[in-house]
Amino acid sequence: MHDIRFIRENPQAFDDGLARRGLPAQAEALIALDEKRRSVITGLQAAQERRNALSREIGEAKKAKDEARAGALMAEVAALKEAMQAGETAERAAIAELDAALAAIPNLPKADVPDGPDESANVERHRHGDKRAYGFQPKEHFDLGEALGQMDFEAAAKLSGARFVVLKGQLARLERAIGQFMIDLHTGEHGYTEVSPPLLVRDEAVYGVGQLPKFEEDLFRTTDDRWLISTAEVPLTNLVRESILSEEELPKRFTALTPCFRSEAGSAGRDTRGMLRQHQFSKVELVSITTPEKSSEEHERMLAAAEAVLKKLDLHYRVVTLCTGDMGFASQKTYDIEVWLPGQGAYREISSCSVCGDFQARRMRARYRPKDAKEPRFVHTLNGSGTAVGRALIAVMETWQNEDGSITVPPVLQGYMGGITRIEKTG
């Protein structure tokens, strides 16, 4: 959510920020809506002042036993009361109209975000490791998993339809091991507090992070009007909803390993084979709540925490800074980590780490009280994947595959696998 006061004071800067995202100017229209709201409020204030004055005049008229004047004044008060009720209705409508307009506008990009229309303008920041050399043609994860008899898309389709998978045996255990490893790493080494949040949330929580109203079609809704979370960012960020924290409490760092649910609206025909794009998947999420002065530093810290996962799994990856046309709705700046998939011969996103400034905090009314200030300020929020478990499983399978179709378990995961060092076909 944007601050209408900032827009009034900096209309050109606001429109320039929207232009970098490829959007038309909107400051003038938003200011007009705010003027409408202000006009209604001014009218209500004037009516209230008149009503107060009439009350005094009525008292004076009655004291003077001027019943005719008192009656006329009381009739004016009654008319004012009706007008004020209509004005209050108009005020609520004007506020709702302005809030709806503001809620539909994405966050403004930071100055150092590269400009561009789409992913083709993303800028590579750095790479880690090298692509492995194989003495054979690497296979994609679904070919490996199906040959092992431990990845079953047909059974999942019978149960649930397309974009689901059934994992069995050691692959199911490997997926669990990856998630457990990530959570242990972030809580044990990176200072995040583990949270087990609800998977069903209310409208307000989804609105708070910026997914409603714009992205309703990407979400699953239950029959009792709750939403299945598309990411643990939703409940974790909303833990500070409608609160005023002390500066000493910040930063707050939360992590969770949860199932996530996405309708994948608009992705028809994309990644239809395999586990890359599914309706249900597991992900470890990282969320930070901090002060404005520390949010950029926290962004770099979060990126390093997500990278540590892939380094310990010995996976080759690159980090890119997303351009203005490829950033998420609530983001000011986003780093994507793209892991190399040897079977596919391509880099694929496995983590996005974003700083959102006070954009989400305004929607959630999440604030903190600075040490030397009387008035509270909005916190800054950050979120990142630390990382997507299913995609990490894909990367491990394809990177650590052997010519005979078996998969070597990365050393860091072997303790979680009960000492198993290689996944092979059984039975």
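To be clear, the structure that these remarks concern was listed above.
(A) Geometry of the overall build of the protein chain. From N to C terminus, the protein chain includes 13 helices and 18 strands. Relative to the 2.2 N^0.38 estimate, which gives 22 Å for 427 residues, the radius of gyration of the protein chain is 28 Å and therefore markedly larger than a compact globule would have. For the protein chain, the residues scored as buried account for 49% of the 427 residues in total. Counted over contacts in the protein chain with a minimum sequence separation of 6, partners at least 24 positions apart contribute 72%. When the accessible surface of the protein chain is split by element, carbon and sulfur atoms take 48% of a total near 20200 Å². With 57 positive and 65 negative side-chain charges, the protein chain shows a spacing of 3 Å between the two charge centroids.

(B) Quick peek at the packing of helix α7 (residues 169–188) against helix α10 (residues 295–312). The contact between α7 and α10 brings their axes to 10 Å, and the two run at 130°. Classified by the interaxial angle, the pair formed by α7 and α10 is oblique. Read as a crossing pair, α7 and α10 show a hand that is right-handed. Touching F181, M182, L185 and H186 of α7 are A305, A306, A308, V309 and K312, all from α10. Here the residues of the contact of α7 with α10 are counted per class, giving seven nonpolar, one polar and one charged.

(C) Structural detail: the sheet that holds strand β8 (residues 244–246). Across the sheet, which stays open at both edges, the three strands sit in the order β8-β14-β15 with mixed pairing between neighbours. Each of the sheet's edge strands pairs with one partner strand only, and the pair in question is β8 and β15 (377–378).

(D) Structural context of the environment of F378. With respect to the secondary-structure elements, F378 resides in strand β15. The class of F378 is partly exposed, set by a relative accessible area of 23%.

(E) Representation of helix α5 (residues 141–148) within the structure. Within α5, burial applies to H141, F142, L144, G145 and L148. All buried residues of α5 project into a common sector of 160° when viewed along the axis, lining one side. Next to the buried residues of α5 lie β2 (151–152), α6 (153–160), α7, α12 (389–399), β17 (407–408) and β18 (422–423).

(F) Spotlight on the pattern of salt bridges. The tally for this structure, following the rule as stated, stands at 32 salt bridges. Between R221 and D225 there is a salt bridge, with its nearest N and O atoms 3.7 Å apart. Exposure remark for R221: the relative accessible area of 37% places this residue in the partly exposed category. Among the charged side chains, a salt-bridge network with shared partners connects R8, D34, E35, R37 and R38.

(G) The environment of V287, seen in detail. Within the element layout of this structure, V287 appears in strand β10 (residues 280–290). Classification of V287 as buried rests on a relative accessible area of 0%. Those residues in contact with V287 that sit more than four places away from it in its chain are Y192, E233, L236, T237, K252, R253, F254, M302, L382 and N383.

(H) Quick look at the packing of aromatic side chains. If you walk through the whole model with that rule in mind, you get five aromatic pairs. With a centroid separation of 5.4 Å and 70° between ring planes, the pair formed by Y134 and F136 is classed as edge-to-face. Note on Y134: relative accessible area 21%, which makes it partly exposed. Among the residues examined, F136 registers a relative accessible area of 21% and is labelled partly exposed. In this structure an aromatic cluster arises from ring pairing among F215, F329 and F359. A cation sits over an aromatic face here: R132 above W400, 4.2 Å from the ring centre.

(I) How the structure looks around the sheet that holds strand β11 (residues 317–321). Within the open sheet, the eight strands sit side by side as β1-β11-β12-β13-β16-β10-β9-β4. Their pairing is mixed. Strand pairing shows two members of the sheet lacking a second neighbour, β1 (123–128) and β4 (193–194), which therefore form its edges. Here two bridges tie β4 to strand β9 (residues 252–261), and the two strands are oriented parallel to one another. Paired with T193 across the strands is F254, a residue of β9. The sheet contacts of α10 involve β1, β9, β10, β11, β12 (333–341), β13 (346–355) and β16 (380–388), and relative to β16 the element is tilted by about 5°. Against the sheet, α12 touches β9, β10, β12, β13 and β16, its axis set at about 40° to β16.

(J) Just the pairing of β12, in detail. The buried fraction of β12 is high, at nine of nine residues. Neither face of β12 is left uncovered, since the one carrying K333, Y335, I337, V339 and L341 and the one carrying T334, D336, E338 and W340 both have all their residues buried. With five bridges connecting them, β11 and β12 associate as antiparallel partners. Its bridge partner lying in β12, R318 is registered against E338. Pairing of β12 with β13 involves nine bridges; the strand directions are antiparallel. Counterpart to T334 in the pairing with β13 is S354.

(K) Seen up close, the nonpolar core. Grouped together as the largest cluster of nonpolar side chains are 51 residues, with contacts concentrated most on L174 and I178. Of all elements in the fold, only α5, α7, β10, α10, β11, β12, β13 and α12 reach the threshold of two or more residues within this core. Core analysis: the next-biggest nonpolar cluster, separate from the first, contains 15 residues, V195, F254, M364 and A366 among them.

(L) Focus on helix α4 (residues 67–103). The end-to-end C-alpha distance of α4 is 53 Å, a good match for the 54 Å that 37 residues give at a rise of 1.5 Å each. Those residues of α4 lying buried are A70, L73, V77, L80, M84, G87, A94, L98, L102 and A103. Each element contacted by the buried residues of α4 is listed here: α1 (4–9), α3 (27–63), α8 (203–208) and α11 (359–364).

Conventions and cut-offs
- Residues numbered from 1 in each chain as written.
- Predicted model: local features only at pLDDT ≥ 70, side-chain atom pairs only at ≥ 80, totals over all residues.
- Heavy atoms only, no water.
- Helix = DSSP H or I, 4+ residues; strand = E, 2+ residues; numbered from the N terminus.
- Rg over C-alpha atoms; globule rule 2.2 N^0.38 Å.
- Buried < 20%, exposed > 50% of the residue type's maximum accessible area, 1.4 Å probe, protein only.
- Contact = heavy atoms within 4.5 Å.
- Areas by Shrake-Rupley, 256 points an atom, 1.4 Å probe, with all protein chains shown as cover.
- Lys, Arg positive; Asp, Glu negative; His and termini not counted.
- Charge placed at Lys NZ, Arg CZ, Asp CG, Glu CD.
- Axes fitted to C-alpha atoms, helices over the stretch in contact; angles between N-to-C directions.
- Parallel < 35°, antiparallel > 145°, perpendicular 65-115°, else oblique.
- Left-handed = near helix turned anticlockwise from the far one by under 90°.
- Nonpolar A, V, L, I, M, F, W, Y, C, P; charged D, E, K, R; others polar.
- Pairing = 2+ DSSP bridges.
- Arc of directions from axis to C-beta.
- Salt bridge = Lys/Arg side-chain N within 4 Å of Asp/Glu carboxyl O.
- Phe/Tyr/Trp six-rings, centres within 6.5 Å; stacked < 30°, edge-to-face > 60°.
- Lys NZ or Arg CZ within 6 Å of the ring centre and 35° of its normal.
- Core = buried A, V, L, I, M, F, W, Y, C linked by side-chain atoms within 4.5 Å.
- Expected span 1.5 Å × (residues − 1).

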